[in-house]
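Architecture at a glance
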Amino acid sequence: MQRLFNPLTLLLAVALNANCHAIEDQPKPAKDQNNAAPDSKRSSGNPKVDQILDRLESKGQSIKGLACKINHKHVTVEPVEDESNKEGELLFAKGDPNSKFLVVFKKLRAAGVIRDTGEHFAFDGRWLIERNDKDKRIIKREVAKPGETKDLFEIGKGAFPLPFGQKRADMLSQFKIDLADFTLGDPRNTDHLHCVPLPDTPLAAKYKRIEIFVDRTLELPVRIVTERIEDDSRIEVDFKDVDISAAPAGSRFKIDEPKDYIVSTEPLADPTTQPSK
């Protein structure tokens, strides 16, 4: 699963498929030709792309809750092309000081076989929790102290540096973004943003490209495709039955802990504690 607050960044996080490992500081964003312009005037060079980015930012600020179904396809190309598909659901609720999310994958289709799977990922505003039913293991990682506001998605700085739901200027400091033509198989009624990480940015070391298909009515992504540099593998994620009027109760973001599961807890380090010599 990815290093998954804004509902828009959460959708992209599902597509990036990075592991929920310990929180690390990210490199500073690379400078590019756009950095010479004030943030309010930074442009992709295409007015339509700028308008789409602005609408995404605005929508991310206005959404209070979100629910949708997910189809997550992982395509490998070596030694031969193969794919696996996971089906599940995503919930999001804006909150104070931090928002909450839950991602659950229920079905796995691979090698012509369909089976139940149990992969749960949740953030309750303080703890990032991962439950794997196959391994019977739960990992709880503290990412914010009680009452602490934590922007997990601040691009280039946050624990999950994702280029979505951010300000246009922040996205353009990390990506070259163009508007791609519609091709057969693309979701209907969408604008296709072709995003290439700029050199020396955090995502440039991992991804060749990120394709974002934005529904013109919802003003939200309904498909995201990423391609990795390391092995040319792709993650293709479709978001279906998106409901932006959803108001999930707080209890829905809790992950049960069966008695026979191994539970690991990783609290934040106490800054007042002196390291042992």
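Up top is the structure these notes are about.
This report concerns the structure included in the present document. (Residues numbered from 1 in each chain as written. Predicted model: local features only at pLDDT ≥ 70, side-chain atom pairs only at ≥ 80, totals over all residues. Heavy atoms only, no water.)

This part covers the pairing of strand 11 (residues 234–243). Sheet topology places strand 1 (residues 65–76) next to strand 11; 8 bridges connect them, and they run antiparallel. Residue Lys73 lies in a different strand from strand 11, and its bridge partner there is Glu236. Bridge count for strand 10 (residues 220–228) against strand 11 is 5 bridges, and the pairing is antiparallel. Looking across to strand 11, one finds that Val225 is bridged to Glu236. (Pairing = 2+ DSSP bridges. Helix = DSSP H or I, 4+ residues; strand = E, 2+ residues; numbered from the N terminus.)

The subject of this paragraph is the environment of Phe121. Within the element layout of this structure, Phe121 appears in strand 4 (residues 113–123). For Phe121, a relative accessible area of 3% gives the class buried. When the C-alpha atoms of Phe121 and Ile138 are compared, they prove to be 9.8 Å apart, with 17 residues separating the residues in sequence. (Buried < 20%, exposed > 50% of the residue type's maximum accessible area, 1.4 Å probe, protein only.)

The next point concerns the pattern of salt bridges. Tallied over the entire structure, the rule returns 28 salt bridges. Among the ionic pairs, Asp178 bridges to Lys176, the shortest N-O distance being 2.8 Å. Given the relative accessible area of 47%, Lys176 is considered partly exposed. For Asp191, the salt bridge goes to Arg216, with nearest N and O atoms at 3.1 Å. (Salt bridge = Lys/Arg side-chain N within 4 Å of Asp/Glu carboxyl O.)

All right, on to the nonpolar core then. One finds Leu66, Ile177 and Leu193 to be the most contacted residues of the largest nonpolar core, which totals 34 residues. The next biggest cluster of nonpolar side chains, apart from the first, holds 13 residues, and it includes Leu91, Leu102, Ala246 and Ile255. (Core = buried A, V, L, I, M, F, W, Y, C linked by side-chain atoms within 4.5 Å.)

Here we take up helix 2 (residues 47–62). Given a rise of 1.5 Å per residue, 16 residues ought to cover 22 Å, and the 23 Å separating the end C-alpha atoms of helix 2 matches this to within 8%. For helix 2, the capping residue at the N-terminal end is Asn46, with a side-chain oxygen 2.9 Å from the backbone nitrogen of Lys48. (Expected span 1.5 Å × (residues − 1). Polar contact = N/O pair within 3.5 Å; in protein donor to acceptor, adjacent residues only side chain to side chain.)

A word on the sheet that holds strand 10. Read from one edge of the open sheet, 12 strands run 7-8-9-10-11-1-2-3-4-5-6-12, paired in mixed fashion. Whereas interior strands pair on both sides, the edge strands pair on one side only; in this sheet they are strand 7 (175–180) and strand 12 (262–266). Taking each pair of neighbouring strands and ignoring which way they run, the sheet shows an average axis angle of 15°. Bridge count for strand 8 (residues 190–197) against strand 9 (residues 207–215) is 6 bridges, and the pairing is antiparallel. For His194, the partnering residue across the bridge sits in strand 9 and is Glu211. Running at roughly 95° to strand 8, helix 2 makes contact with strand 7, strand 8, strand 9 and strand 10 of the sheet. (Axes fitted to C-alpha atoms, helices over the stretch in contact; angles between N-to-C directions. Contact = heavy atoms within 4.5 Å.)

With that settled, consider the side chain of Glu119. Structurally, Glu119 can be placed in strand 4. A residue is classified by how much of its surface remains accessible, and Glu119, at 17% relative accessible area, is buried. A distance of 3.5 Å separates polar atoms of two side chains, one belonging to Glu119 and the other to Lys86.

The next point concerns unusual backbone geometry. In this structure, the amide linkage connecting Glu78 to the following residue, Pro79, adopts the cis form with an omega of -5°. Structurally, the position occupied by Pro79 is in the loop between strand 1 and strand 2 (82–93). Look at the link from Asp96 to Pro97: it is a cis peptide, with omega at 10°. The residue Pro97 is located in the loop between strand 2 and strand 3 (100–110) in this model. Here Lys136, not a glycine, exhibits a phi torsion of approximately 55°, which is positive. Relative to the assigned elements, Lys136 resides in the loop between strand 5 (127–132) and strand 6 (137–142). The class for Lys136 is partly exposed, based on a relative accessible area of 38%.

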